[in-house]
Amino acid sequence: MLDTGQAFARALATETAAAQMYRRYKWTALLGVSFCYLFYYLGRQTFGFAIPGIQKELGLSKEMLGWVSASMLWAYALGQSINGNLGDKWGGRVMMLAGAVLSFAANWATSLSGGFVALLLAWGLNGYFQAMGFAPGSRLLSNWWGHRHRGFVYSFYVGMSGFSSVLAYFVPIIILGTLGLDWRWIFRLSVFLMLFGAVVMFLVVRERPEDLGLKGPADEKSPDEADGDSEVDTKTSGARYRAVLSNWRLYATGLSIGFQNAARYALLVWVPVHFLGPNWKSAATVIDPVWITVALPVGMALGASTNSWISDVLFRSRRYLAIISYMVLAAIIALAMELVPHGSLVGIAGLFLCGFFVFGPASSFWALCPDIFGRRLAGTATGVLNFISYACAGIGEPLIGRFMDHTGNTAIIFPTVACLCAASAVSALLIRR
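Only a predicted model underlies this, so the values are computations on that prediction, with no experimental measurement involved.

About the criteria used
Residues numbered from 1 in each chain as written. Predicted model: local features only at pLDDT ≥ 70, side-chain atom pairs only at ≥ 80, totals over all residues. Heavy atoms only, no water. Helix = DSSP H or I, 4+ residues; strand = E, 2+ residues; numbered from the N terminus. Buried < 20%, exposed > 50% of the residue type's maximum accessible area, 1.4 Å probe, protein only. Contact = heavy atoms within 4.5 Å. Areas by Shrake-Rupley, 256 points an atom, 1.4 Å probe, with all protein chains shown as cover. Axes fitted to C-alpha atoms, helices over the stretch in contact; angles between N-to-C directions. Parallel < 35°, antiparallel > 145°, perpendicular 65-115°, else oblique. Left-handed = near helix turned anticlockwise from the far one by under 90°. Nonpolar A, V, L, I, M, F, W, Y, C, P; charged D, E, K, R; others polar. Core = buried A, V, L, I, M, F, W, Y, C linked by side-chain atoms within 4.5 Å. Salt bridge = Lys/Arg side-chain N within 4 Å of Asp/Glu carboxyl O. Expected span 1.5 Å × (residues − 1). Bend = angle between axes of the 7 residues up to and from the residue. pLDDT = per-residue confidence, 0-100. Phe/Tyr/Trp six-rings, centres within 6.5 Å; stacked < 30°, edge-to-face > 60°. Lys NZ or Arg CZ within 6 Å of the ring centre and 35° of its normal. Polar contact = N/O pair within 3.5 Å; in protein donor to acceptor, adjacent residues only side chain to side chain. Patch = residues over 30% accessible without salt bridge, like charges linked within 9 Å, V, L, I, M, F, W, Y side chains within 5 Å.

Trainee: I would appreciate a short explanation of the overall build of the protein chain in the present structure.
Mentor: Helix and strand content of the protein chain: 18 helices and 0 strands. Within the span of the protein chain, comprising 433 residues, buried residues form 58% of the whole. In the protein chain, the proportion of contacts linking residues at least 24 apart, taken out of those at least 6 apart, comes to 85%. Carbon and sulfur atoms make up 68% of the accessible area of the protein chain, which totals about 16,700 Å².

Take a look at the structure:
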C-alpha cells in the first residue's frame with residue numbers, strides 16, 4: 001500500500017509539474033509571437049509616409065505609387081497562400097525569423113530605388129517576405145491554445161499587430177520630423193526593430209507542446225474541428241490545400257475579409273497622404289496633422305484587441321455577428337469623416353473610431369481559421385484566407401490613387417472605405433459560424 005501511495009504521489013507531482021510547464025510555455029508562445037509581430041509592420045506599413053517624398057524626388061503620380069503599393073499587397077497575398085502551408089510543414093519560429101531577415105534586406109533595396117520599376121520590384125518582393133510572418137505565427141499559437149481560448153488569443157495577437165501599425169506610423173514621423181531625414185531612411189531604420197523582435201521570438205518560443213513531451217490542446221476542439229480534423233490527411237501539402245479549398249466557408253469568409261482588408265489598407269496608405277499633403281508643414285491647424293494620423297492605428301490596435309473577445313463573450317463564439325456589428329459602425333463613421341476639418345479634435349476622434357471598427361473584425365476572422373479547419377490546418381487556412389484578403393486589398397490601391405489624381409480630392413478615401421465596409425458586413429452574413 002505504501003508503494004502504491006508513493007507511486008500515486010509521484011504521478012500526481014509529475015502531472016502537476018507538466019501542467020505548470022505547459023502553462024508557462026503556452027504563455028511564452030503567445031507573448032513571444034505577439035512581441036515579434038509587434039514590430040513586423042515596420043517592414044511594410046511605412047509606405048504611405050514615403051509617398052510625398054517619393055513624388056517630390058522621383059516625380060511619380062499617385063496612381064503609379066498605387067501600383068507600387070498594390071505590388072506589395074499582391075505579392076503578400078501570393079506569399080500567404082504558400083507560406084501558411086510551409087508554416088504547417090516547417091513551423092512558425094523558422095518562418096517568422098526568415099521573413100524578418102529577408103524583409104529587412106528588401107526594405108533596404110526599396111530605399112535604394114531610383115525609379116518606378118525598381119520601386120515596384122523591391123517593394124513587391126518585400127510583400128512576399130512579409131507573408132512569412134502572420135500565418136505561421138497563427139499556426140504556432142494554435143499548437144498551444146485550444147478552442148475555448150481562441151477569442152482571447154487572437155484578440156491579443158491581432159491587437160499586437162494593430163499596435164505594430166501604431167509603430168509603423170510613429171517611427172516614420174520621428175525619422176521625417178525629429179531626425180529630419182528623407183523618405184529613404186524610413187525603409188532603412190524602421191526595420192531594425194522588426195529584426196530584433198524576430199530574434200527574441202526565435203530564442204524564447206518553442207514550436208509545439210509535443211517537442212517538450214507535453215500533450216497539445218487536442219481536447220479543446222470546436223464542433224467543426226471535432227467532426228473532421230482527425231479524419232483529414234495533413235501529411236502532404238496537396239492534402240492540406242485540398243482540405244481547406246473544399247470547405248465552402250473559406251470562400252464566404254474570404255469575400256468578407258477581402259472587403260474589410262481593402263478598407264483597412266485604403267486607410268493605412270492614403271490617410272497620411274490626405275492629412276500630409278504637400279504643404280502640411282505650413283498648414284494652419286490646431287493640431288499637427290502628423291499626430292492626427294496616429295489616431296488611426298491606435299484605434300485599429302484597440303479594435304482588434306476587442307472584437308474576437310466580444311465574439312466569445314457577447315455572441316457565444318458566433319464570430320460573424322461581431323464582424324457585422326463593427327463593419328456597420330465603420331461604414332457610418334467613414335461617411336461622416338469626409339465632412340470633418342483636418343486639424344480638429346473631432347477629426348482625431350473620427351480617425352480613431354474609423355480604425356477601431358475597420359480593423360477590429362480581423363481578430364475574429366483569424367480565430368475562424370482553427371475554429372473551422374482545426375489546428376493541424378490552421379496555417380494553410382490562414383494563408384489561403386490571407387491570400388484572398390490581400391488580393392482584394394491590392395485591387396483598390398491603384399484605383400484609389402487614380403481617383404485622387406483625377407479629382408484632386410484626397411477626401412474621397414472616406415466614402416470609398418464606407419462602401420467597402422458595408423460590402424464586408426453584407427458578405428459576413430454568409431459565414432454564420
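Trainee: Can you walk me through the packing of helix α4 (residues 92-111) against helix α9 (residues 191-204) in this structure?
Mentor: Two quantities define a packed helix pair, namely the angle between the axes and the distance from one axis to the other. Two elements in contact, α4 and α9, have axes whose closest approach is 9 Å; the angle formed by their N-to-C orientations is 165°. Regarding the angle of α4 to α9, the classification is roughly antiparallel. The hand of the α4/α9 crossing is left-handed. The residues of α9 that touch α4, namely those facing R93, V94, M96, L97, A100, V101, S103, F104, N107 and W108, are V191, F192, M194, L195, A198, V199, M201 and F202. Residue composition of the contact of α4 with α9, by class: 15 nonpolar, 2 polar and 1 charged.

Trainee: I tried to follow the nonpolar core on my own but got confused; where do I start?
Mentor: Burial of nonpolar side chains together is a common tendency in soluble globular proteins. The biggest cluster of nonpolar side chains holds 121 residues, and the ones touching the most others in it are W366 and V417. The greatest single-element share of this core, amounting to 14 residues, is contributed by helix α12 (residues 249-275). The contact partners of V417, leaving out residues within four places of it in the chain, are A263, A266, L267, A334 and V358. If you look at the next biggest cluster of nonpolar residues, it comprises 5 residues, including L86, A106, F129 and M132.

Trainee: Please clarify how the pattern of salt bridges should be interpreted in this entry.
Mentor: Oppositely charged side chains are able to pair whenever their charged atoms sit close together. Following the criterion strictly, the structure yields 3 salt bridges and no others. With a shortest N-O distance of 2.7 Å, R184 and E57 are connected by a salt bridge. Taken together, the residues R184 in helix α8 (residues 184-189) and E57 in helix α2 (residues 47-58) connect sequence positions 127 residues apart. The exposure class assigned to E57 is partly exposed, which follows from its relative accessible area of 42%. Two residues, D211 and R208, come together in a salt bridge whose shortest N-O distance is 3.5 Å. Residue classification places R208 among the partly exposed positions, given a relative accessible area of 26%.

Trainee: I tried to follow α12 on my own but got confused; where do I start?
Mentor: Residues spaced three or four apart along an α-helix face the same direction, because each turn holds 3.6 residues. For α12, with 27 residues, the first-to-last C-alpha span of 39 Å sits near the 39 Å given by 1.5 Å per residue. The largest bend along α12 measures about 35° and falls at V269, with the proline P272 one to four residues further on. α12 sits mainly inside the fold: 24 of its 27 residues count as buried.

Trainee: Help me understand the confidence of the model for the protein chain, please; the structure alone is not making it clear to me.
Mentor: Parts of the prediction with low pLDDT should not have their coordinates interpreted in detail. Of the residues in the protein chain, 87% have a pLDDT of 70 or more, and the chain-wide mean is 83. The model gives residues 219-230 a pLDDT under 50, and that stretch makes 29 contacts with residues more than four places away or in other chains. Contacts for the low-pLDDT stretch residues 279-286, under 50 throughout, to residues beyond four places or in other chains number 6 contacts.

Trainee: Quick question: what am I supposed to make of the packing of aromatic side chains here?
Mentor: The relative placement of two aromatic rings is captured by the distance of their centres and the angle of their planes. Evaluation of the coordinates by the stated rule reveals 28 aromatic pairs. Between the aromatic rings of W183 and F187, the centroid separation amounts to 6.1 Å while the plane-to-plane angle is 80°, which identifies the pairing as edge-to-face. Of the two residues, W183 and F187, both sit in the buried class. Aromatic rings pair up to connect Y37, Y40, Y41, F134 and Y157 into one cluster. The residue whose ring lies beneath K26 is W145, and the NZ or CZ to ring-centre distance is 4.3 Å. For the cation-ring pair, R93 lies above F202, with the distance from its terminal atom to the ring centre recorded as 4.2 Å.

Trainee: Explain the side chain of S363 here, please?
Mentor: One can find S363 in helix α16 (residues 362-373). Since its relative accessible area comes to 0%, S363 is described here as buried. A distance of 3.1 Å separates the side chain of S363 from the backbone oxygen of A304, its partner in a polar contact. Those residues within four positions of S363 in sequence are excluded, and the remaining contacts are Y154, S155, V158, A304, N307 and S308.

Trainee: Help me out: how do you make sense of a nonpolar patch on the surface in this one?
Mentor: On the surface, W67, W74, I395, L399 and F403 cluster together into a nonpolar patch covering about 480 Å² of accessible area. For the nonpolar patch, the secondary structure elements donating two or more residues are α3 (62-90) and α17 (378-407). The leading source of residues in the nonpolar patch is α17, at 3 residues. Along the chain, I395 falls in helix α17.

Trainee: Honestly, the environment of A393 in this entry has me stumped. Any pointers?
Mentor: You can see A393 is positioned in helix α17. Assessed through its relative accessible area of 0%, A393 is described here as buried. Sequence-distant contacts of A393, defined by excluding residues within four places in its chain, comprise L73, N261, A262 and Y265.

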